[in-house]
Amino acid sequence: MRFAYDLHLHSCLSPCADDDATPANLAGMAAVQELAFAALTDHNTCGNVRSFFEAAKEHPGLVPVAGMELCTSEEIHLVCLFPGVEEAERFEEGTVRPVRVPVKNDPARFGRQIKMDAEDTVLGEEEDWLIPAAGIDLESATEAVRALGGEAFPAHIDRPSYGLLSVLGMFPARPRFGAVEVAKAENIPRLVAEHALDPAKILADSDAHRLMDVNGAEHFLDLPEPTVPALLSLFRSWRA
Ligand SMILES: [Zn+2]
Ligand SMILES: [Zn+2]
């Protein structure tokens with residue numbers, strides 16, 4: 001069966017995202033858009049993932065996915081998806097937080113980094129500035145995600161900044177990726193031609209920083225069932 005997805009969404013915990021992109025509003029918007037899968041992928045944090053899952057319980061047709069958009073030491077954005085909330089939080093606490101640049105956020109300059117519960121109650125603000133590159137390279141980060149049972153893929157490879165191709169100019173021998181992501185589906189034919197990619201393994205996500213930018217049911221994945229294990233095992237099979 002085909003299931004609609006958007007696997008790259010930012011909440012109000014990302015400084016560059018709108019403050020009203022709360023976990024509850026994002027889950028609501030994903031449901032309105034009739035997505036089967038929606039992943040919360042804030043910059044260098046999974047701090048609102050638990051609330052996003054809680055909020056998604058209100059929307060029976062929606063499968064929430066625990067994620068993070070990590071900025072690696074090469075300044076490549078990597079979408080990291082996990083089997084569940086626990087693994088995502090372990091990744092942040094064990095792998096990312098220790099190597100985040102110890103710079104405090106300046107909310108007036110960069111935007112607030114708001115942690116919310118599933119009812120839009122502010123729980124606090126993340127003090128570490130979440131945007132700078134973390135001190136972990138692409139290969140180590142990808143291995144750490146996979147060690148937790150997750151899957152990682154390079155984000156928006158068609159963008160001129162923070163994309164794997166804009167930084168490296170080519171795909172490295174390692175890590176080997178199955179899935180890759182584009183920001184604009186119309187760039188797929190060009191990327192397929194230039195980099196010999198399999199168009200079936202290219203994801204088109206919104207990278208929404210505002211509620212209105214969450215994708216509609218435009219892009220689909222073929223899966224036996226709408227579950228996170230099925231999703232992750234598809235991505236695993238793509239790199240076999
Ligand atoms: Zn990005
Ligand atoms: Zn993003």
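So, how was this worked out
Residues numbered from 1 in each chain as written. Chains lettered and ligands numbered in written order. Predicted model: local features only at pLDDT ≥ 70, side-chain atom pairs only at ≥ 80, totals over all residues. Helix = DSSP H or I, 4+ residues; strand = E, 2+ residues; numbered from the N terminus. Rg over C-alpha atoms; globule rule 2.2 N^0.38 Å. Buried ≥ 20, exposed ≤ 12 C-beta atoms within 10 Å, placed from the backbone. Pairing = 2+ DSSP bridges. Axes fitted to C-alpha atoms, helices over the stretch in contact; angles between N-to-C directions. Contact = placed C-beta atoms within 7 Å. Core = buried A, V, L, I, M, F, W, Y, C linked by C-beta atoms within 7 Å.

Visitor: I would appreciate a short explanation of the overall build of the chain in the present structure.
Guide: Broken down by element type, the chain carries 8 helices and 10 strands. The C-alpha radius of gyration computed for the chain amounts to 16 Å, which stays within 12% of the reference 18 Å derived for 240 residues, consistent with globular compactness. C-alpha extents for the chain along the principal axes are approximately 45 × 40 × 30 Å. By residue count, 43% of the 240 residues in the chain fall in the buried class.

Visitor: Any chance you could explain the sheet that holds strand E7 (residues 151–154) here in plain terms?
Guide: The pairing of strands in a sheet comes from backbone hydrogen bonds and takes either a parallel or an antiparallel form. Spatially, E7-E4-E3-E2-E1-E10 is the arrangement adopted by the 6 strands of the open sheet, whose pairing is mixed. What marks the edges here is a single partner per strand, and that holds for E7 and strand E10 (220–222). Here the average twist between neighbouring strands, direction ignored, is 30 degrees. Of the strand pairs in this sheet, strand E1 (residues 2–9) and E10 are connected by 3 bridges, and their pairing is antiparallel. Bridge assignment links Arg-2 to a residue of E10, and that residue is Asp-222. In the packing of helix H1 (residues 23–32) onto the sheet, contacts are made with E1, strand E2 (37–43) and strand E3 (63–71), and the angle to E2 comes to roughly 145 degrees.

Visitor: Just checking my understanding: could you explain the nonpolar core for this structure?
Guide: Ranked by size, the top nonpolar core spans 63 residues in total, and within it Phe-37, Val-65, Leu-78 and Cys-80 carry the most contacts. Per-element tally for this core: the top contributor is E3, with 6 residues. Ignoring anything within four residues of it in the chain, the contact list for Leu-78 reads Leu-70, Thr-72, Leu-138, Ala-141, Thr-142, Ala-152, Pro-154 and Ala-155.

Visitor: For this particular structure, what's the right way to read the pairing of E7?
Guide: With burial as the criterion, each face of E7 is covered, one bearing Glu-151 and Phe-153 and the other bearing Ala-152 and Pro-154. Bridging between strand E4 (residues 77–82) and E7 involves 4 bridges; their strand directions are antiparallel. When the sheet's bridge partners are listed, Val-79 is paired in E7 with Phe-153.

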